[in-house]
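Listed here are the chains, written in short residue letters.
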Amino acid sequence: MDYYQVPEGFMWGVATSANQVEGGWNEDGKGMSIADCERYNSYQNLNDYKKVNDMTTAEIQAALKDKTTKAWGKRHGVDFYHHYKEDIATLAKTGINSFRISIAWSRIYPNGDDEKPNEAGLRYYDSLFQTMIDNGIQPVVTLSHYEMPLNLVLKYDSWYDKRVISFFTQFAQTVITRYHNLVNYWIPINEIDSIIRHPYSSAGLVKDRFPNLNFDEVIYQSMHNQFVAAAWITKFIHDKYPNAKVGSMITSTMVYPYTSDPRNMLKATQIMRKSYNFSDIQLRGKYPKVLLKHIHDLNVHVKMTDTELRLIKENTADFVAFSYYSSVCTAYDTTGLKVTKANRTTGVYNKYLPESDWGWQIDPVGLRIILINLYDRYQKPLFIVENGLGAKDKLTLDGKVHDQYRIDYLRKHISQMLLSLKDDGIELMGYMVWGTTDMVSASTTQMSKRYGLIYVDLNDEGDGTYKRYLKDSYFWYQKLLSYKNKIPTMFFNK
Ligand code: BG6
């Protein structure tokens, strides 16, 4: 029989973020975060990603006044805050050995600039990580996943202000010191490139708060400040806990030329190159010239001191973590070409690929190409920390969810990953399904965009029992993991 060999110690896992699952938005001293201000409106055009994710000060003020949770998906999440023991025990039965979660910054420092951390928040994560360990699961921890304390936005204008670097590193130091015995893998900032695409939900930047500044300057200054903070954290971990590893984490979307016209290929190459600029900084330790030129061409000034640049240079990341969901095409002239319906990374439609219920084109081979590209670029271990399908699931009367489409998605992506491991000479640390239980979508604040292996009875309006049901994909993943490090190739035949 033919097998795929998986390296010893490979991390098979699941992944999520605090603001999308926890709920408990104001419990045990937690402060309000930027995610708590993202309201679900049934009438909003979900394909207009910018509109859904850009916030105004007036909208934040309105969010502050409303203390209810129903319409505020990220205030209730799926109540993981109270269900984590049950959820972790259920997920452990799939055979996973790792679980990526973020620490909600505002649970530890409710206002971001507090002098002392909130002990109740720290105790929650003591118990959460211990529960994972007790179930044979290694935590992989993101420190900032779209959930900074709202007070830092209102009082300091978020990451634009260099004081926020110290607030974030203080938070990081507190939690790393507290949990270093339980956690060995740290990701300072989720999708560090995403600040360019969605400055509010990623980094709390509100355009109307900078009336006298070019907003591009605000974004690129904030981005630089995040790189400085991440480098400081990398140094802290390497100095104090040399066995722990730190990852750069980027969004990776494969971009193809629409046709073999070399001008289309050039455009695709330029877009892909641009997308790697962010991990270049964290893995090679310096700003690529092309990015500096881009910032210069925008006619903005980013304050970077020599000390900051040295910190970035001397403290590079150990591994390349990335999310992968889909691909798009591009062309030098897109006039008249059909574009994808996807809300986040739109591009020219690829006629060879199917699409998800949300118009994200599904491309397992693209994952393999990304693995090759990233490995050839950095020669450092790769880690797929997000890959999954947001789809409309249906709970049957007998409590089942027949999500064959998700099984197909996972099967095809995982088999491309295994082929890459076998033939492409890459180094890969692990693979995580984006989706533990269902959760609130980052970009649309919907519950109905479901990613989980476990269904949660809750709708977009926040109505439901929060009861959990195992999907068919849960059992499929369990079967896959039962093969441990030797997976029969025929398992991937349909
Ligand atoms: C990633 C984010 O970009 O995409 C996650 O890190 C997010 O937080 C995931 O959930 C899927 O996006 P969405 O908008 O469908 O939830």
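Notes on the structure follow. Since the model is a prediction, treat every value here as computed from it, not as a measurement. (Residues numbered from 1 in each chain as written. Predicted model: local features only at pLDDT ≥ 70, side-chain atom pairs only at ≥ 80, totals over all residues. Heavy atoms only, no water.)

Relative orientation of the contacting elements helix α16 (residues 364-378) and helix α17 (residues 404-423) amounts to 35°, with a least axis distance of 8 Å. Between α16 and α17 lies a crossing of right-handed hand. Touching P364, V365, L367, R368, L371 and I372 of α16 are K412, H413, Q416, M417, L419, S420 and D423, all from α17. Tallied by class, residues from the contact of α16 with α17 come to seven nonpolar, three polar and three charged. (Axes fitted to C-alpha atoms, helices over the stretch in contact; angles between N-to-C directions. Helix = DSSP H or I, 4+ residues; strand = E, 2+ residues; numbered from the N terminus. Left-handed = near helix turned anticlockwise from the far one by under 90°. Contact = heavy atoms within 4.5 Å. Nonpolar A, V, L, I, M, F, W, Y, C, P; charged D, E, K, R; others polar.)

Let us now look at the packing of helix α13 (residues 262-284) against α16. Closest axis-to-axis distance for the α13/α16 pair is 11 Å, and the angle between their directions is 45°. With respect to each other, α13 and α16 are oriented oblique. In this structure, α13 crosses over α16, and the sense of that crossing is right-handed. Residues M272, R273, Y276, S279, D280, L283 and R284 of α13 touch α16, and the partners they reach there are I370, N373, L374, R377 and Y378. Split into classes, the residues belonging to the contact of α13 with α16 amount to six nonpolar, two polar and four charged. (Parallel < 35°, antiparallel > 145°, perpendicular 65-115°, else oblique.)

Looking now at the packing of aromatic side chains. Aromatic ring pairs: the centre-centre distance and the angle between the two ring planes describe each pair. Applying the stated criterion to the full structure yields 31 aromatic pairs. Judged by centre distance (5.0 Å) and plane angle (65°), the ring pair of F10 and W12 falls under edge-to-face. For F10, a relative accessible area of 4% translates into the label buried. Classification of W12 as buried rests on a relative accessible area of 5%. A ring pair is formed by W105 and F171, whose centres lie 5.6 Å apart and whose planes are at 15°; its orientation type is stacked. Of this pair, W105 sits in helix α6 (residues 105-108) while F171 sits in helix α9 (residues 163-179), placing them 66 residues apart in sequence. With respect to class, W105 is no different from F171; both count as buried. What links up through ring pairs into an aromatic cluster is the set F80, Y81, Y84, F99, Y124, Y125, F129 and Y179. Taking NZ or CZ as reference, R107 lies 5.5 Å from the ring centre of Y124, over its face. Its end group placed over the ring of Y349, K338 keeps NZ or CZ at 3.9 Å from the ring centre. (Phe/Tyr/Trp six-rings, centres within 6.5 Å; stacked < 30°, edge-to-face > 60°. Buried < 20%, exposed > 50% of the residue type's maximum accessible area, 1.4 Å probe, protein only. Lys NZ or Arg CZ within 6 Å of the ring centre and 35° of its normal.)

Here A331 is to be found in the loop between β7 (319-330) and α16. Exposure remark for A331: the relative accessible area of 3% places this residue in the buried category. Separated by 86 residues in the primary sequence, A331 and M417 have C-alpha atoms spaced 28 Å apart. Beyond its immediate chain neighbours, meaning those up to four positions away, A331 contacts Y258, N264, K267, L337 and V348.

The next point concerns empty space enclosed by the protein. To find leftover empty space, a probe the size of one water molecule is rolled over the atoms. Taken as a whole, this structure holds six cavities of 30 Å³ or more when the rule is applied. When its volume is computed, the largest cavity comes out at roughly 150 Å³. Contributing to the lining of the largest cavity are 15 residues, with Q20, Y325, R344, W434 and A442 lying nearest its centre. Of the residues contributing to the lining of the largest cavity, the split by class is six nonpolar, five polar and four charged. (1 Å grid on protein atoms, 1.4 Å probe; cavity = no way out; pocket = protein on both sides within 12 Å on 5 of 7 lines; lining within 4 Å. Points joined across faces, edges and corners; volume = space filled by probe spheres on them.)

Burial within strand β3 (residues 98-102) is extensive, with five of its five residues counted as buried. Side chains of β3 alternate between two faces, with S98, R100 and S102 and F99 and I101 buried alike.

In short, geometric facts, not functional conclusions.
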